[in-house]
Amino acid sequence: MSTIAISEPEFVALRDAIRDRFGIFYDDTKQFLLQSRLQTRLLKRSCSDFGAYLRFLTGGLAREEEWDELASVLSNNETYFFREKAQLDVLVGEVVDESLRRGGKLRVWSSACSTGEEPFTIAMMLHESKRIAPAQVSLRASDISPRALERAARGFYRELSFRATPPEVVQRYFHPFENGFFVNDDVKRMVEFFRINLLDARAVEATGPHDAIFCRNVLIYFDKPTQKRVVEAFAKALRPGGYLFLGHAESIMRLTDLYEPTITSKAIFYKRKPDAD
Ligand SMILES: C[S@@+](CC[C@H](N)C(=O)[O-])C[C@H]1O[C@@H](n2cnc3c(N)ncnc32)[C@H](O)[C@@H]1O
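Residues numbered from 1 in each chain as written. Predicted model: local features only at pLDDT ≥ 70, side-chain atom pairs only at ≥ 80, totals over all residues. Heavy atoms only, no water.

A.B. asks: If you had to explain the overall build of the protein to someone new, which residues and values would you point to?
C.D. replies: Assigned secondary structure in the protein consists of 12 helices and 10 strands. Along the first, second and third principal axes, the C-alpha atoms of the protein reach 60 × 50 × 35 Å. By residue count, 52% of the 277 residues in the protein fall in the buried class. For the protein, contacts bridging at least 24 residues in sequence account for 73% of all contacts bridging at least 6. Across the protein, the mean location of the 40 positive side-chain charges is 2 Å away from that of the 39 negative side-chain charges. (Helix = DSSP H or I, 4+ residues; strand = E, 2+ residues; numbered from the N terminus. Buried < 20%, exposed > 50% of the residue type's maximum accessible area, 1.4 Å probe, protein only. Contact = heavy atoms within 4.5 Å. Lys, Arg positive; Asp, Glu negative; His and termini not counted. Charge placed at Lys NZ, Arg CZ, Asp CG, Glu CD.)

A.B. asks: Can you tell me about a nonpolar patch on the surface, naming the residues and giving the values?
C.D. replies: A cluster of nonpolar side chains, contributed by Met253, Ile263 and Ile268, occupies part of the molecular surface with about 270 Å² of accessible area. Relative to the assigned elements, methionine 253 resides in the loop between β8 (238-246) and β9 (259-263). (Patch = residues over 30% accessible without salt bridge, like charges linked within 9 Å, V, L, I, M, F, W, Y side chains within 5 Å. Areas by Shrake-Rupley, 256 points an atom, 1.4 Å probe, with all protein chains shown as cover. Salt bridge = Lys/Arg side-chain N within 4 Å of Asp/Glu carboxyl O.)

A.B. asks: Residues and numbers for the side chain of threonine 115, please.
C.D. replies: Within the secondary structure layout, threonine 115 lies in the loop between β1 (106-110) and α7 (117-129). One polar contact links threonine 115 to glutamate 117, side chain to side chain, over a distance of 2.7 Å. Excluding residues that lie within four positions of it along the chain, threonine 115 makes contacts with Asn77, Thr79, Ala148, Arg151, Ala152 and Tyr157. (Polar contact = N/O pair within 3.5 Å; in protein donor to acceptor, adjacent residues only side chain to side chain.)

A.B. asks: Can you break down the sheet that holds strand β4 (residues 174-177) residue by residue, with the values?
C.D. replies: The strand order β3-β5-β4 describes an open sheet built from three strands, whose pairing is antiparallel. Pairing within the sheet leaves two strands with one partner each, and these edge strands are β3 (156-157) and β4. Strand direction decides the pairing type here: β4 and strand β5 (residues 180-183), joined by four bridges, are antiparallel. Looking at the pairing, phenylalanine 177 lines up with glycine 180 of β5. (Pairing = 2+ DSSP bridges.)

A.B. asks: Describe the nonpolar core, naming the residues involved and giving the relevant values.
C.D. replies: Residues Leu198, Phe234, Leu244 and Tyr259 are the most contacted members of the largest nonpolar core, which totals 51 residues. At the level of elements, α1 (8-22), α4 (50-59), α5 (63-74), β7 (210-215), α12 (224-237) and β8 are the ones that each hand at least two residues to this core. There are two domains that each give this core at least three residues, and those are domain 1 (8-74) and domain 2 (85-272). The next biggest cluster of nonpolar side chains, apart from the first, holds 38 residues, and it includes Val96, Ala141, Met190 and Phe245. (Core = buried A, V, L, I, M, F, W, Y, C linked by side-chain atoms within 4.5 Å. Domains from an automatic or database assignment.)

A.B. asks: Quick one: what's the story with the domain arrangement of the protein, residue by residue and with numbers?
C.D. replies: Each assigned domain of the protein is listed with its residue range as follows: domain 1 (8-74) and domain 2 (85-272). Taken over C-alpha atoms, the centre of domain 1 sits 29 Å from the centre of domain 2. Buried surface at the junction of domain 1 and domain 2, both sides included, amounts to about 910 Å², of which 51% is carbon and sulfur. Here domain 1 is connected to domain 2 by two salt bridges. (Buried area = accessible area lost by both parts, 1.4 Å probe.)

A.B. asks: Lay out the site of the ligand with the relevant residues and their values.
C.D. replies: Neighbouring residues of the ligand: 21 residues in total, closest Phe22, Thr79, Arg83, Asp143 and Asn217. One of the side-chain nitrogen or oxygen atoms of serine 75 is found 3.2 Å away from an oxygen atom of the ligand. Between an oxygen atom of the ligand and a side-chain N or O atom of arginine 83, the distance comes to 2.8 Å. With respect to the detected pockets, the ligand is housed in the largest pocket. (Near = heavy atom within 4 Å. 1 Å grid on protein atoms, 1.4 Å probe; cavity = no way out; pocket = protein on both sides within 12 Å on 5 of 7 lines; lining within 4 Å. Sits in = over half its atoms within 2 Å of the grid points.)

The following block contains the structure:
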């Protein structure tokens, strides 16, 4: 099968459309990556070149279905259980403390959860801590990729997902099946999955108010204006003083002053300022 080549103008038009839709930004170094990721899509839609594919994405009858496919094809879904655990310790420690003091529910949102390892880790750690009853926890998890969400809802994982998981946790919260493990029902029941595009500020705001939002290892794929837009929408979905957890490589210090950063020896996180709106 010969490769269908993408021209410079087609690349620019397509990457801008993708950025506007999902935030994911393919810079000039990623032209060939985009070209190769979309080969199968062009064939599926019987497009002989990228110009035809672009026309399909803007005017084709099934364009929304195709954008849904792209949400799965274009996202990097790399994740694993107990990733960047120090931040999760902050959740189980001081965020839970605050909820207990307020006497309300603990409301957590894993906003780009990929295949579910992040929210299930949170569920397991909350369960393990025995500090708060599952009935007092609202743990929601979302992603833009329909395929990742299907896998999350199934709750079946292979070895790579467990690279940072203590063996006793696997024993306690999973059961083996063929060449992998299913997460146990009591953990599964704690997480509610749904689909959302983080660029949809109104939908993001409507998910709130949350005590904590996790948005880890996502903003690195966005350009600066999109990062700013997303974290400002999060501020509207967090209660005053609510926590935002980002990935190690993601800093919003120069993007917005709606948050107070906290840097400890182990973890970095941001707290929504009381007057941020
Ligand atoms: C690398 S994974 C991060 C998973 C997990 N948060 C972690 O840190 O392990 C990035 C996820 O962001 C999702 N994503 C990318 N753009 C998005 C958008 N506009 N709205 C919602 N999710 C998005 C992708 O589908 C992907 O599953």
